[in-house]
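# A closer look at the structure
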Amino acid sequence: MADPVPVARRRRSRARRSTPLTIAMLAALAYFLLPLCWLLIASTKSTQDLFNSFGLWFSHTPRLWANVQETFTQDDGVFVRWLLNTVMYAVLSSVGAALLAAAAGYGFAKFRFRGDRFGFNLVLGAVMVPTTALAIPTYLLFAEAGLVNTPWAIILPSLVNPFGLYLMRVYAQDAVPDSILEAARIDGAGEARIFFTIALRLLAPGLVTVLLFTLVATWNNYFLPLIMLNDPDLYPITVGLSSWAAQAQNGGAGSSSDMLALVVTGSLISILPLVVAFLLLQRYWQSGLAAGGVKQ
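Just so it is clear, the model here is predicted, and its values are computed rather than measured.

The next thing to look at is the overall build of the protein chain. Regarding its fold elements, the protein chain presents 15 helices and zero strands. Of the accessible surface of the protein chain, which amounts to about 17500 Å², a share of 66% is contributed by carbon and sulfur atoms.

Before going further, it helps to spend a moment on the layout of surface pockets. Taken as a whole, the largest pocket encloses approximately 840 Å³ of empty space. Along the walls of the largest pocket sit 27 residues, with Thr131, Pro157, Val160, Asn161 and Pro162 positioned nearest its centre. Of all the secondary-structure elements, those providing two or more residues to the lining of the largest pocket are α5 (78-110), α6 (116-127), α7 (135-145), α8 (152-158), α9 (162-175), α12 (204-219) and α13 (223-228). Considering every element that reaches the lining of the largest pocket, the biggest residue donor is α12, with four residues.

Here we take up the pattern of salt bridges. All told, the structure shown has five salt bridges when counted by the stated rule. The closest approach of N and O atoms between Arg63 and Glu70, which form a salt bridge, is 2.9 Å. Put simply, Glu191 and Arg185 hold a salt bridge, and the shortest N to O gap is 2.8 Å. Take Glu191: its relative accessible area is 35%, and that puts it in the partly exposed class.

One broad trend across soluble globular proteins is that nonpolar side chains are buried collectively. Counting 31 residues, the largest nonpolar core has Phe79, Trp82, Met228, Leu229 and Trp244 as the members making the most contacts within it. Breaking this core down by element, the ones donating at least two residues are α5, α8, α12, α13, α14 (237-250) and α15 (259-291). Beyond its immediate chain neighbours, meaning those up to four positions away, Leu229 contacts Tyr89, Asn149, Thr150, Ile154, Leu234, Tyr235 and Pro236. By size, the runner-up hydrophobic cluster in this structure holds 21 residues, among which are Met168, Leu181, Ala189 and Leu203.

With that settled, the discussion passes to unusual backbone geometry. Here the phi dihedral of Asp75 falls at roughly 55°; this positive angle occurs in a residue that is not glycine. Looking at where Asp75 falls in the secondary structure, it is placed in the loop between α4 (64-73) and α5. Accessibility expressed as a relative area gives 34% for Asp75, which makes it partly exposed. The phi dihedral of Asn149 falls on the positive side, at around 65°, and the residue is not glycine. Examined against the element boundaries, Asn149 turns out to sit in the loop between α7 and α8. Accessibility expressed as a relative area gives 24% for Asn149, which makes it partly exposed.

Summed over all chains, the structure comprises 13 aromatic pairs. Pairing Tyr106 with Phe111 gives two aromatic rings, centres 5.8 Å apart and planes at 80°, and the pair type is edge-to-face. Classification of Tyr106 as buried rests on a relative accessible area of 4%. Residue Phe111 is classed as partly exposed on the basis of its relative accessible area of 28%. Between Phe108 and Phe120 the ring centres are 5.7 Å apart and the planes differ by 55°, which places this aromatic pair in the tilted class.

What counts, and at which threshold
Residues numbered from 1 in each chain as written. Predicted model: local features only at pLDDT ≥ 70, side-chain atom pairs only at ≥ 80, totals over all residues. Heavy atoms only, no water. Helix = DSSP H or I, 4+ residues; strand = E, 2+ residues; numbered from the N terminus. Areas by Shrake-Rupley, 256 points an atom, 1.4 Å probe, with all protein chains shown as cover. 1 Å grid on protein atoms, 1.4 Å probe; cavity = no way out; pocket = protein on both sides within 12 Å on 5 of 7 lines; lining within 4 Å. Points joined across faces, edges and corners; volume = space filled by probe spheres on them. Salt bridge = Lys/Arg side-chain N within 4 Å of Asp/Glu carboxyl O. Buried < 20%, exposed > 50% of the residue type's maximum accessible area, 1.4 Å probe, protein only. Core = buried A, V, L, I, M, F, W, Y, C linked by side-chain atoms within 4.5 Å. Contact = heavy atoms within 4.5 Å. Phe/Tyr/Trp six-rings, centres within 6.5 Å; stacked < 30°, edge-to-face > 60°.

Structure follows, in structure tokens:
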């Protein structure tokens, strides 16, 4: 006689399957993957083939390696400088923003002080403000400070992450037990030592989550560098590729017949570091997202 427990489990498993949900998931998967497939395929084509061949299939003469070589050598290798600039902006901004968000979120979660509720509600309100609305005021402030057209004009605004602060506050509320903090204080540890040696380790999954969010936001940032920088040697990839695209459309000086193909190939190269970062930090990112919404 069959065991009723496994049979019941199999029935519940079959009951959980939903054809509409499966179709919706496949549609969402296609929505996210089709642009990446198109970008990969388009990177193997010349500019002429981009317009004369089917977008989701390779041309008769693939030239991915030639496009990559031309992308890195175009304009005396300026793409390499743009890539290094983007790495510098994104890494410094994400690490700084994650540390600041962890410190502020830990403070809001574990300390009570006058105006703490008002301050946290102010942070929640700042989450609703689009970053593009702050670009012009930020430019005016940095112009007064003489920081326009410097790397600090990109790094400093990116250090402020209201959503990251909110996420770290929610995460720290349960991830850092009060009993551990009290035991450390009884042993004579100062608040700074407690944060850096105890709390920061417990906040690591949430810290990586904020780091990844800020890394992607800074890496893909276009409007802020566009208004802050006018030196091509300081451009990130987003603004640099946009300038190449403008050259391709206008036929400006220094543009080549395959400039549009180089823009597409450069776009493919620019997403590879983000893919690697997500693959390496995926498990921390997933645990950081889940922990904030689950009571321990």
